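Chains, contacts and geometry: an overview
Residue-level listing of the chains:
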Amino acid sequence: MVHHSWLLFISAVLALSAASSPRPHIILIVADDLGYNDVSFHGSEQIPTPNIDFLGYSGIILNNYYVSPICTPTRSALMTGRHPIHTGMQSGVIVGTQPYGLPLNETIMPQHLNKLGYRSHIVGKWHLGMFKWEYTPLFRGFESHIGYYQGCEDYYTHTYEANLEQWGVDFRKDTELVWNYTGKYSTDVFKEEAVKVINNHDKSQPLFLYLPFQAVHSGNGDGTNLQAPKEYIDKFKYIQNEQRRIYAAMVSALDDAVGQVYDALKTNNMLNNSIIICTTDNGGPANGFDFNAANNFPLRGVKATLWEGGVRGVGLIHSPLLQKQGYVSQQMLHVCDWLPTLVKAAGGDPSTLTNLDGYDSWDMLSQNGPAVRNEILHNIDPQDDSSAIRVGDYKLLMGDLGSSWDGWYPPFQLDGDLQLLHYTNFSTLTSESPSKTELRKNLLQSYRKFWPDSAKTRMKELQSYWATSDVYSKFSHSHADKSENLNMLDFSLNFLSEKQNVDLAAGGAPVTINCGVKPANASTNCHPEVTPCLYHIPSDPCEYNNLAYAMPEVVTAILDRLKNYASTMVPPGNRPYDDSGNPKYHGGAWVPWQK
């Protein structure tokens, strides 16, 4: 006769195996308009992001990672693995009643993953078309959605204004409009809904959670542009500039939400079989662009431009399934690489995916292996006649790049910084009064002293898991191991590519950009609307020194690559506005209006 306790043991083992997904859970987090200099792992001292930092420092920080310069193109590339020039999404974004979207003949990420047994959910922003139901998430592979279809909206009323004549509610639970979220901050709503998805998920099946937050995009143009709960705004009193202070609060709320999602995975015993990706959709709208106060400094340019500030993305991947972790990846990676990379990580065969522009980069990332790509087409936009491409170490730009937004913009700090704060405004003694310079320095010292203490509590909370779990046993500790009483202030990781120790509890060693001295002619040595400009990005990431005249043979060779891409491009899918989609005809709401 079999002993009763032995039967219980067998039942427990069977239950445990049944509750474990054979494929990894995938959590894909997108921050909207987050600037390169808006996370503390890139050196921001104004804004602590301990949760995002933790994922990056103990995972892989992507330091040569690129996205499209604006929202809809990036999201289309993320979902399809195809460059926007091949899907008609290369020019601008879908606005209001424009009747177009990501073409229906494109198979997107949840559809690919569903074939591998995944349950796919989206929480947050869509922005890939909504004029017909077929273009919306539940008709494209997601089984649930809470969020909105358009590009932006008010964070509390959840209404979207396309223009003064087109305004209405844009918030849904699955396909149903919901009106009872008024007054609830969208970052909190999406955080809570994402946690619900994780808590309610059948752990025996793999989960794909696509979590594109609204934060930190501006709200409506004619409304309150930057919005955050008062308790978050009050944390940043050391930032005198009101717009930057509110923006910092928005980032902090987003960072806390990322931490809550991490905690939910941990609580549900899913963390050791999860892949977490954090990415921005484009560079930050700095210096007041799009009513915002994001920052990309010291990179050049802003969102919607092809300068590094518009296309160099904040990105990381965090997973115990990676063979090597705790390093800074210098290999080129493009947003359209995520689809084949995640299909490979999920146990699928990327070679079966057709017409992709993305490269399977899973082994490269997991092993810190050789780069799988050596060039990135940033964009070719025939509507505004602009283009940019990176081939090897060189980047070529040409056309109308928006010369009014091609500067270097430090983060807002003082009240007066709202007025086009170019790099030289306070970098020399002659450009600012001594009293303002002294005030700026004092504020800098105040937030240097302030934020590590406020961030350390959350960092310790996250790291406490480290000391009690073997999920991260593959990480090498420089002077501590699991058997010891781990002191959070003494714990460090070895950054393989940087050859330095990283103190996680103090916020880590930021991966910063050093551009050297800005030449006097940096703003005038490039006229891309007249002739192409060439930059050597590894040595000149701030795009100071135009090398086109000194290296004409390189310009010619890269122009040939650009022409090759242009020959494969499809026309932009943009369509004129159709006022029949105006919310005033649909009960004050944005709805799919065409049959």
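Here the structure is a predicted model, which means the values were calculated and not measured.

Regarding a negative patch on the surface
A cluster of like negative charges, contributed by Asp384, Asp385, Asp400 and Glu529, occupies part of the molecular surface. Its place among the elements puts Glu529 in the loop between strand S19 (500-503) and strand S20 (533-536). Taking the relative accessible area as the measure of exposure, Glu529 reaches 52% and is therefore exposed.

A word on the sheet that holds strand S1 (residues 25-31)
With mixed pairing, the 10 strands of this open sheet are ordered in space as S9-S8-S5-S4-S10-S1-S11-S12-S2-S13. Looking at which strands have only one partner, the edges of the open sheet turn out to be strand S9 (176-177) and strand S13 (327-329). In the packing of helix H9 (residues 338-345) onto the sheet, contacts are made with S1, strand S2 (60-62), strand S11 (274-280) and strand S12 (315-318), and the angle to S11 comes to roughly 170 degrees.

Observations concerning the pattern of salt bridges
Evaluation of the coordinates by the stated rule reveals 21 salt bridges. A salt bridge links Asp406 to Arg300; the nearest nitrogen and oxygen atoms lie 3.8 Å apart. Of this pair, Asp406 sits in the loop between strand S17 (394-399) and helix H11 (434-468) while Arg300 is found in the loop between S11 and helix H8 (308-311), placing the two residues 106 residues apart along the sequence. A single burial state applies to Asp406 and to Arg300, both of which are buried. Note that Glu308 and Arg312 form a salt bridge whose closest N and O atoms lie 3.8 Å from each other. A relative accessible area of 0% places Glu308 in the buried class.

Considerations on the state of the cysteines
Each disulfide consists of a covalent bond between the sulfur atoms of two cysteine residues. Scanning the model with the defined rule gives two disulfides in all. Between the sulfur of Cys515 and that of Cys542 lies a disulfide, 1.6 Å long from S to S. Here Cys542 lies in the loop between S20 and helix H12 (552-566) and Cys515 lies in the loop between S19 and S20, a separation of 27 residues in the sequence. For the residue pair Cys515 and Cys542, the accessibility class agrees, reading buried in each case. A sulfur-sulfur distance of 2.0 Å marks the disulfide that ties Cys526 to Cys533. Judged by the torsion about the S-S bond (100 degrees), the Cys526/Cys533 disulfide is right-handed. Residue Cys526 shares its accessibility class with Cys533, and that shared class is buried.

About the thresholds
- Residues numbered from 1 in each chain as written.
- Predicted model: local features only at pLDDT ≥ 70, side-chain atom pairs only at ≥ 80, totals over all residues.
- Heavy atoms only, no water.
- Patch = residues over 30% accessible without salt bridge, like charges linked within 9 Å, V, L, I, M, F, W, Y side chains within 5 Å.
- Areas by Shrake-Rupley, 256 points an atom, 1.4 Å probe, with all protein chains shown as cover.
- Salt bridge = Lys/Arg side-chain N within 4 Å of Asp/Glu carboxyl O.
- Lys, Arg positive; Asp, Glu negative; His and termini not counted.
- Charge placed at Lys NZ, Arg CZ, Asp CG, Glu CD.
- Helix = DSSP H or I, 4+ residues; strand = E, 2+ residues; numbered from the N terminus.
- Buried < 20%, exposed > 50% of the residue type's maximum accessible area, 1.4 Å probe, protein only.
- Pairing = 2+ DSSP bridges.
- Contact = heavy atoms within 4.5 Å.
- Axes fitted to C-alpha atoms, helices over the stretch in contact; angles between N-to-C directions.
- Disulfide = S-S within 2.5 Å.

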